[in-house]
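Working through the structure, step by step
Chain residues, written in single-letter form:
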Amino acid sequence: MSTRTSTTPVTPRSMGTRLDRVDGPEKVTGRATYAVESAAHDTGDPLHVWLVQSTVAKGEVERLDPAAALAHPGVVAVLDHTSAMRLADTDDGELAILQDPRVHFRGQIVALVLAETSEAAREGAALVEVAYREEPHEAELREDNATYKPETVNPAMDTDTEDGDVDAALAGAAVLVEQTYRTPHEHNNPMEPHATVARWAQDGTDGEVLDLVDSTQGVHGVAQTVGPVLGLEATQVRVRAPYVGGGFGSKGQPHAHVVAAALAAHAVRPRPVRLAVTRQQMFALTGYRTATISHVRLGADADGRLVGLEHRVQEQTSAVKEFAEQTASPSRMMYAAPARRTSHRLAVLDVAVPSWMRAPGEMPGMFAGEVAMDELALACGLDPVELRLRNEPDLDPETGKPFDVRRLPDCLRRGAERFGWADRPREPRSRREGDWWVGTGVAAATYPAMKMPGNEARVTALGGGRYGVAIGCVDIGTGARTVLTQIAADALGVEPGAVDLEVADTRLPSASVAGGSSGTSSWGSTVVAAAQRFREEHGTDPAPGAEVTASAAKSPAEMETANHSFGAVFCEARVNRWTGEVRVPRLLGVYSVGRVLNPVTARSQLVGGLVMGLSAALFEESWRDPRTGHVVTQDLASYHVAAHADVLDVDAEWLEESDEAFTPMGSRGIGEIGIVGTAAAVANATHHATGVRVRELPLTPDRFLS
């Protein structure tokens, strides 16, 4: 395997065109095989696994009686902490299941029921008798208990930062905004719930081998994480994820159910097992966005230019495993301010482990920051677009580096033109149509441009002008298969139809997770590096079977600049003056994201992010009962997400540009920036409509009835 220290930019032929999804026919005809469709994965006749979950938030299992379950027709086995396989590594508290009687949160896995049918497994699970010794627990995020300082925040950022004399700057500011903003717990709800098929088998070379078909955002990450937990070498774990029905971050890391499937399969090896997490169980076991409390202070001079900024965040983690979201990180680089301070503090609670959810950190952090900027604009008597333009930095405030590309002003001006912003009345509560107050709002968006290490790609000449391209990445429904085919075709100088792409298997060259809007940048750069190395070594008429495996190194230019994407979200909101109901008839996002490689898949990603941000603004809120630690909103009836009737005119466009300093394709990530800033734009529009400032999500009707 070779590494290219520099990769030549690729001349676009297929990139930038509207190539139909290469996996479209399989999906619309039902031939796309998802994780639990075990017959399609040659796993034989699987047993079905059902989870028994704790009904207390903290304590110990005193007695677990499986007798009634084992007597139920079809039930084959019941595993608990006394009978499950011993794990080799229990440092990860989320994955260390069925190893002792301790209960760390309500919903923790305390037993597994294996049966011939899913119905029998579910009935058997209901028959398992569990008695607990309860202990006092804490399951509520409050300002007075969020005091723990983590060493770093996700992924490895400084917990606190400070530049300049913030207190003096704010004390001397001509205009000061000082407010608290809150966002609730939110749960990832991909269309396909988490699921795993597991089988242990004997291999002549490696001994016992674990084969997993998992609904995951990264097959290599699952193998690298789960293998050591089970005492297996990398060569002893194979993971596949041929088709995935969405993830939004929740499938970015393996959760306890993956280990549960492996333990169940070990007990009945070599027979496979199938474990499908229910929608209700996902609310306890597969991650969620932590609730946040943001204390923001903005100080400006008389012209609206920031002189000082403070963003202090309080959120929660789990006692069994730490996760600290980087909520204040956008405030470190978004606007020019000579004095800036950010911090993060956690409440360590007896609850399930929070994790990644689309734009972790940036989504709740930018809600707080961009609503505060709207309040500052009003206090300064400035148009909200103009305020943001006046606070454009010349260099990245956080690192002091020049921005690779920073076209936020262009996004703001283009969005304002398209949205008819110039006709907006300055004063809130100025426009009423019948029973509806009407207003407009704006918010900026940003997301870091990232590429992950550890990627390799293989190019093989198949003969007849065709090429095989292999990389072990996962397409979670975003269109990665299609875009990588276009990238490979252009890098090899052939048509997309001449490329046979293989993905989503740990037997393929290693690939990073589909997360952090880094997938296409990371994998695409690697595919280009491999294709260019292939052409260097084998020319334009290679012999069948000629092959190259290569990876791409960071370019020097990339390391000398601050790399981010930017956008501006414009919203029209209508608030019923009698009921407080909020409707959003228009939502527009304008983005600077480098070259768009496929307009069809890109627009889907950006519009999808806008819809998800709209959903967060108006509806999404998980409720945990602090008395029991139980998440009571455990389905899509009580945890409402935006439906067709809620999504009216939603549109996204992008600036024409190419960022070849960052990737040889000229592209940056687009998967997450669409959700950033959207909830703030909606909140700002509702204030403009009603004059009522709501600083807490979601924007439910009662908040506007005063």
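As a starting point, this report considers the structure included with it.

1. Quick look at the overall build of the chain
- The secondary structure content of the chain amounts to 15 helices and 29 strands.
- Computed over C-alpha atoms, the radius of gyration of the chain comes to 26 Å, within 12% of the 27 Å expected from 2.2 N^0.38 for 706 residues, which places it in the range of a compact globule.
- Seen along its three principal axes, the alpha-carbon backbone of the chain occupies a region of about 75 × 70 × 50 Å.
- When each of the 706 residues of the chain is scored for burial, the buried share is 62%.
- Across the chain, every contact between residues at least 6 apart in sequence was considered, and the portion connecting residues at least 24 apart equals 81%.
- For the chain, the exposed surface amounts to about 25,700 Å²; the carbon and sulfur share of it is 49%.
- Here the chain carries 67 positive and 95 negative side-chain charges, and the mean point of each set is 3 Å from the other.

2. What to know about the packing of helix 8 (residues 362-380) against helix 15 (residues 678-690)
- For the pair helix 8 and helix 15, interaxial distance at closest approach is 8 Å and the crossing angle is 30 degrees. By the criterion of interaxial angle, the relationship of helix 8 to helix 15 is roughly parallel. You can see that helix 8 and helix 15 cross each other, and the crossing is right-handed. Contacts from M363, M366, F367, E370, V371, D374 and L378 of helix 8 reach helix 15 at A679, A680, A683, N684 and H687.

3. Re the nonpolar core
- Formed by 95 residues in total, the largest nonpolar core has its most connected members in I109, L112, L114, L230, L263, V273 and I487.
- Considering every element that reaches this core, the biggest residue donor is helix 6 (residues 256-267), with nine residues.
- If we ignore the near neighbours within four places in the chain, the residues touching V273 are P46, L47, V49, L114, T196, V197, A198, A261, A264, A265 and V268.
- Residues A337, A602, A616 and A681 belong to the second largest nonpolar core, which totals 89 residues.

4. Quick look at the sheet that holds strand 4 (residues 75-79)
- The seven strands lie next to each other as 4-6-2-15-12-13-14, forming an open sheet whose pairing is mixed. Each edge of the open sheet is held by one strand with a lone partner, namely strand 4 and strand 14 (237-240). The mean angle between the axes of side-by-side strands here comes to 25 degrees, regardless of whether they run parallel or antiparallel.
- Bridging between strand 2 (residues 47-53) and strand 15 (residues 273-276) involves three bridges; their strand directions are parallel.

5. Describing the sheet that holds strand 20 (residues 436-448)
- Taken in spatial order, the five strands of this open sheet run 19-20-25-26-29, and their pairing is mixed. Pairing within the sheet leaves two strands with one partner each, and these edge strands are strand 19 (432-433) and strand 29 (649-654).
- Here strand 19 runs beside strand 20; their pairing, made up of two bridges, is antiparallel. Considered in strand 20, the bridge of R432 is made with W437.
- Across the sheet, helix 10 (residues 408-419) lies against strand 20, strand 25 (564-576), strand 26 (582-592) and strand 29, angled at about 30 degrees from strand 25, the strand it touches most.

6. Quick look at the packing of helix 11 (residues 480-492) against helix 12 (residues 519-538)
- Relative orientation of the contacting elements helix 11 and helix 12 amounts to 30 degrees, with a least axis distance of 9 Å. Between helix 11 and helix 12, the interaxial angle falls into the category roughly parallel. As helix 11 runs across helix 12, the sense of the crossing is right-handed. Residues A480, V483, L484, I487, A488, A491 and L492 of helix 11 pack against T520, W523, G524, V527, V528, A531, F534 and R535 of helix 12.
- For the contact of helix 11 with helix 12, a count of residues per class yields twelve nonpolar, two polar and one charged.

7. Remarks on the side chain of R535
- With respect to the helices and strands, R535 occurs in helix 12.
- Lacking a salt bridge, the buried R535 has D541 as its closest oppositely charged neighbour, with an N-O distance of 8.0 Å.
- Here R535 is in contact with Y467, L492, V494, T540 and P542, once residues within four sequence places are set aside.

8. Looking at helix 14 (residues 599-618)
- In a regular helix each residue adds 1.5 Å, so 20 residues correspond to 28 Å; helix 14 covers 28 Å between its end C-alpha atoms and thus fits that length.
- The buried fraction of helix 14 amounts to 15 of the 20 residues, a majority that puts the element mostly inside the structure.

9. Digging into the side chain of D651
- Positionally, D651 belongs in strand 29.
- At 3.1 Å, the side chain of D651 and the side chain of R603 are in polar contact.
- Other than its neighbours up to four places away in sequence, D651 contacts R418, L587, L588, G589, R603 and L610.

10. Let's talk about unusual backbone geometry
- Here the bond from N154 into P155 is cis, since omega is -5 degrees, no more than 30 degrees from zero.
- Its place among the elements puts P155 in the loop between strand 8 (152-153) and strand 9 (157-158).
- Omega for the peptide link from L697 to P698 comes to -5 degrees, which places this bond in the cis form.
- With respect to the secondary-structure elements, P698 resides in the segment after helix 15.
- The phi dihedral of L98 falls on the positive side, at around 55 degrees, and the residue is not glycine.
- Following the sequence through the fold, L98 ends up in the loop between strand 4 and strand 5 (102-103).
- Taking the relative accessible area as the measure of exposure, L98 reaches 4% and is therefore buried.
- Phi at S517 is positive, roughly 50 degrees, even though this residue is not glycine.

11. Structural notes on the environment of S331
- As for its position among the elements, S331 is in the loop between strand 17 (306-318) and strand 18 (339-349).
- Remark: the alpha-carbon pair of S331 and L232, spanning 99 residues in sequence, is separated by 42 Å.
- Contacts of S331, omitting those with residues within four sequence positions, involve L309, H311, R340 and T342.

Quick notes on the rules
- Residues numbered from 1 in each chain as written.
- Predicted model: local features only at pLDDT ≥ 70, side-chain atom pairs only at ≥ 80, totals over all residues.
- Heavy atoms only, no water.
- Helix = DSSP H or I, 4+ residues; strand = E, 2+ residues; numbered from the N terminus.
- Rg over C-alpha atoms; globule rule 2.2 N^0.38 Å.
- Buried < 20%, exposed > 50% of the residue type's maximum accessible area, 1.4 Å probe, protein only.
- Contact = heavy atoms within 4.5 Å.
- Areas by Shrake-Rupley, 256 points an atom, 1.4 Å probe, with all protein chains shown as cover.
- Lys, Arg positive; Asp, Glu negative; His and termini not counted.
- Charge placed at Lys NZ, Arg CZ, Asp CG, Glu CD.
- Axes fitted to C-alpha atoms, helices over the stretch in contact; angles between N-to-C directions.
- Parallel < 35°, antiparallel > 145°, perpendicular 65-115°, else oblique.
- Left-handed = near helix turned anticlockwise from the far one by under 90°.
- Core = buried A, V, L, I, M, F, W, Y, C linked by side-chain atoms within 4.5 Å.
- Pairing = 2+ DSSP bridges.
- Nonpolar A, V, L, I, M, F, W, Y, C, P; charged D, E, K, R; others polar.
- Salt bridge = Lys/Arg side-chain N within 4 Å of Asp/Glu carboxyl O.
- Expected span 1.5 Å × (residues − 1).
- Polar contact = N/O pair within 3.5 Å; in protein donor to acceptor, adjacent residues only side chain to side chain.

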